[in-house]
Amino acid sequence: MTSLGMVTLDTGRPRELAAWWAERLGGEIVQDHEGYFCIVRAPEVPVALGFQLVEDPTPGKNRLHLDFDRGTASRDELIASYVAAGAEHLGTRGEAGFQWDTFADIDGNEFCIGDPH
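The rules we used
Position numbers for residues count from 1 along each chain, tracking the sequence in the order it is written. Per-residue local features of the predicted model are confined to residues with pLDDT of at least 70, and side-chain atom pairs are confined, for both listing and counting, to 80 or more; whole-chain, interface and lining totals are unaffected and use all residues. The basis for the side-chain values is all heavy atoms of the structure; hydrogens and waters are excluded. To qualify as a helix, a DSSP run of H or I must reach at least 4 residues; to qualify as a strand, a run of E must reach at least 2; elements of each kind are numbered from the N terminus. Between the first and last residue of a helix there are one fewer steps than residues, each counted as 1.5 Å, and that sum is the expected span. Here's how the labels work: a residue is buried when its accessible area is under 20% of the maximum for its type, exposed when over 50%, partly exposed in between, all with a 1.4 Å probe on protein chains only. What the arc covers is the set of directions going from the helix axis to the C-beta atoms. Should any heavy atoms of two residues lie within 4.5 Å, those residues are counted as being in contact. Here, strands pair whenever DSSP counts at least two bridges between them. An axis is simply a line fitted to the C-alpha atoms; with a helix, the fit covers only the stretch in contact. Between two such axes, the angle follows the N-to-C directions and lies from 0 to 180 degrees.

(A) Structural view of helix 1 (residues 14–25). Here helix 1 spans 16 Å end to end across twelve residues, near enough to the 16 Å set by a 1.5 Å rise per residue. Of the residues making up helix 1, those classed as buried are P14, L17, A18 and A22. With its buried residues spanning 135° around the axis, helix 1 presents them on a single face. For helix 1, the exposed residues set more than 90 degrees away from the buried face come down to E16 and E23. In the core, the buried residues of helix 1 are packed alongside strand 1 (3–11), strand 2 (28–33), strand 3 (37–41) and strand 4 (48–53). Positive backbone phi, at 70°, marks G26, one or two positions downstream of helix 1.

(B) Geometry of the sheet that holds strand 8 (residues 110–114). The strand order across the open sheet built from eight strands is 2-3-4-1-5-8-7-6, with neighbouring strands paired in mixed fashion. Every interior strand has two partners, whereas the edge strands, strand 2 and strand 6 (88–95), have only one. Adjacent strand axes in the sheet meet at a mean angle of 25° when their direction is disregarded. Two elements, strand 5 (residues 64–69) and strand 8, share four bridges in a ladder whose sense is parallel. Bridge pairing links F68 to I113 in strand 8. Relative to strand 4, helix 1 is tilted by about 160°, and along the sheet it contacts strand 1, strand 2, strand 3 and strand 4. Across the sheet, helix 2 (residues 75–84) lies against strand 6, strand 7 (98–104) and strand 8, angled at about 10° from strand 7, the strand it touches most.

Just geometry here; none of it tells us what the structure is for.
What follows is the structure in structure tokens.
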């Protein structure tokens, strides 16, 4: 079973937007991955907010997408189960210790399932 781990916004300025939201929500930036991905946690927000660097957002791509935590499922089992259910696996991204898989649902909306945040 997966769980909602983070709501991520694509932006050309992750640190700036993360700091703005952290201040608005009384939270803080808890992870900053060299400015290309920042994570905000706030006391009254049940999920993390992520801010991901996208140099040139393309038409049709979600500016907002859901990020789910993988839980205890293996990455390979999870990919296979989502593909079997009709999702398209768009690739594995990130680096050791911070990886996620990007999918498109049956309507083309992108979402990610990754290591727990």
